[in-house]
Amino acid sequence: MGKTITEKIFSMASGKDVKSGEYVFAKIDRAMIHDITGPLAVKAFREIAGENGKVWDSSKIIMAFDHQAPADSVVAAENQKMLRIFAGEQNILNYDIKEGIAHQIMVEKGHVLPGMLVVGADSHTCMYGALGAFSTGIGSTDMGAVFALGKLWFKVPETIRFEVNGTLPHRVYSKDIVLKIIGMIGADGANYKAAEFAGTTIEKMEMSQRFTITNMAIEMGAKTGIIEPDAETERYLRNIGVEGKLEDWEWLRSDEDSDYFRRIELDVSDLEPQVALPHSVDNVKPVSEVEGIKADQVFIGSCTNGRYGDLKIAAEILEGEQVASGTRLIVIPASRSIYMKALREGLIDTFVDAGAVVEFPSCGPCMGGSFGLIAGGETSISTSNRNFIGRQGSPEGRVYLVSPATAAATAIYGQITDPRKV
Ligand SMILES: CC(C)[C@H](C(=O)O)[C@@H](O)C(=O)O
Ligand code: SF4
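What you see is a predicted model; the values in this text were computed from it and never measured.

Asker: Would you mind going over the UniProt feature "binding site: [4Fe-4S] cluster" (unreviewed entry) in the chain with me for this structure?
Answerer: Listed under "binding site: [4Fe-4S] cluster" (unreviewed entry) in the UniProt record, and renumbered for this structure, are Cys303, Cys363 and Cys366. In sequence the annotated residues extend across 64 residues, while in space they remain close, none of their C-alpha pairs exceeding 9.1 Å. By the element assignment, Cys303 lies in helix H10 (residues 302–305). Classification of Cys303 by relative accessible area gives buried; the value is 7%. Apart from the residues lying within four places of it in its own chain, the contact partners of Cys303 are Ile101, His103, His124, Met127, Asn215 and Asn385.

Structure below.
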């Protein structure tokens, strides 16, 4: 019986031949913390290693402030101050407030390579699996242990393989695919599994769109989203400046005769744009069934859909148009480099001309922890990944999850709109 890419990565990281279901003590290649989970991780680390303890390998830890950044309260400012001091003492790379969302930084600054085992103190760490790594979110206490030891216990997950085939119709994107899948299998449909995405649609998809799919693996309970590395992976890594010979990277793929927990096929040739309705990510309907719902606020951004390709799709629809009166549009590039490219290419002009508010790279309203909150009775049509009660502000608010194209079309008409019609 062959091995999945997940089993192969855990075999490498634990130094022994392992199969799904086995417990391993595995070496960690990279660890990420941000402004919300970092303080607790540092506290846990100090409890384990003592006040003067040193982290196992400072070159493998990455820090960034994105959730409440720049600091929006004195508490946030104090936490960030403490983290800055910790990073300085331990010689940890801290991107601070200036580079944007930690997840985007991890994948655009070359911190994640195929075959790595990566952990982050944030649930959407599963996104980096699009680069052929095994990457997963862990709690702050576990992160404290990783800082001390560079290792962590795992149960090697079984794999569900999603075979996605067919050519996506006009204005239907990877966000619509992942929403469709979550709607099909449910918010707990892939609990503790590796969600492996393959098939001709994924093969033809560029990395920016792939990240959207693996980002949302956690929304079906998966331990990670993962895509076998291919020519697009190499193109992407070269493009962001990753050097080195291909043969030196761990270019792992699942064997044909792998022992999958389940295989699920999806043909996307006739897929409609999808919408996740309040208040759960698996409450998914095609846009045609929810058109006309009023949009008080539209948010285009987040680690799910704040990349350049997403902004470009939205800008093409918003070009020369105006945001409907009675609707607010907030656009947030996921990182500084995306922001600068969007500035250079005129996308920011398009958004501001249309009446959007463009904010600095950060999580923004995604989690309702910082700015851009919605009031009771208001609706947010959002390109992010969660629509739980109170997620973007008032518990009486309602959040609908959509693609950047659906969000842009919605902003123009002030109500949920099928982007194929504009
Ligand atoms: C704050 C953090 C712990 C949280 C997560 O882990 O995902 C946040 O990023 C989110 O999207 O809900
Ligand atoms: S953008 Fe949203 S989902 Fe992503 S890390 Fe920030 S709060 Fe979490």
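Asker: Hey, could you run me through the packing of aromatic side chains in this one?
Answerer: How two aromatic rings sit relative to each other is given by the distance of their centres and the angle of their planes. Tallied over the entire structure, the rule returns ten aromatic pairs. Ring geometry for Phe211 versus Tyr236: centroids 5.5 Å apart, planes at 75°, classification edge-to-face. Remark: Tyr236 occurs in helix H9 (residues 231–239) and Phe211 occurs in helix H8 (residues 207–215); sequence separation between them is 25 residues. Both residues of the pair, Phe211 and Tyr236, belong to the buried class. Put simply, the rings of Phe10, Phe134 and Phe154 touch in pairs and so form one group of aromatic residues. Stacked on the ring of Phe261, the Lys or Arg Lys193 has its end atom at 4.3 Å from the ring centre. The ring centre of Tyr308 lies 4.1 Å from the NZ or CZ of Lys341, which sits over that ring.

Asker: For this particular structure, what's the right way to read the site of ligand 1?
Answerer: Close to ligand 1 lie His34, Ile36, Thr37, His67, Asp122, Ser123, His124, Met367, Arg386 and Arg391. Arg391 is positioned with one of its side-chain polar atoms (N or O) 2.8 Å from an oxygen atom of ligand 1. Computed on the free molecule, ligand 1 has an accessible area of 320 Å², of which 79% lies beneath the protein chains in the complex. Its residues assigned to classes, the shell around ligand 1 shows two nonpolar, five polar and three charged. Each of domain 1 (5–266) and domain 2 (274–421) gives at least three residues to the shell around ligand 1.

Asker: For this particular structure, what's the right way to read the environment of Phe147?
Answerer: Topologically, Phe147 is positioned in helix H5 (residues 140–149). You can call Phe147 buried: its relative accessible area is 0%. C-alpha separation for the pair Phe147 and Asp96, spaced 51 residues apart in sequence, amounts to 19 Å. With sequence-adjacent residues up to four places away left out, Phe147 is seen in contact with Ala31, Ile33, Phe45, Val55, Trp56, Ile61 and Phe86.

Asker: I'm lost on helix H1 (residues 5–14) in this one. Help?
Answerer: In an α-helix, one turn spans 3.6 residues; hence positions three or four apart end up facing the same way. Burial of H1 is extensive: nine of the ten residues sit out of reach of the surface. Within H1 the residues assigned to the buried category are Ile5, Thr6, Glu7, Lys8, Ile9, Phe10, Ser11, Ala13 and Ser14. One or two residues past the end of H1 sits Gly15, with phi positive at roughly 70°.

Reading guide: rules and limits
Residues numbered from 1 in each chain as written. Chains lettered and ligands numbered in written order. Predicted model: local features only at pLDDT ≥ 70, side-chain atom pairs only at ≥ 80, totals over all residues. Heavy atoms only, no water. UniProt positions renumbered as here; feature names shortened; annotations may be inferred. Helix = DSSP H or I, 4+ residues; strand = E, 2+ residues; numbered from the N terminus. Buried < 20%, exposed > 50% of the residue type's maximum accessible area, 1.4 Å probe, protein only. Contact = heavy atoms within 4.5 Å. Phe/Tyr/Trp six-rings, centres within 6.5 Å; stacked < 30°, edge-to-face > 60°. Lys NZ or Arg CZ within 6 Å of the ring centre and 35° of its normal. Near = heavy atom within 4 Å. Polar contact = N/O pair within 3.5 Å; in protein donor to acceptor, adjacent residues only side chain to side chain. Areas by Shrake-Rupley, 256 points an atom, 1.4 Å probe, with all protein chains shown as cover. Nonpolar A, V, L, I, M, F, W, Y, C, P; charged D, E, K, R; others polar. Domains from an automatic or database assignment.

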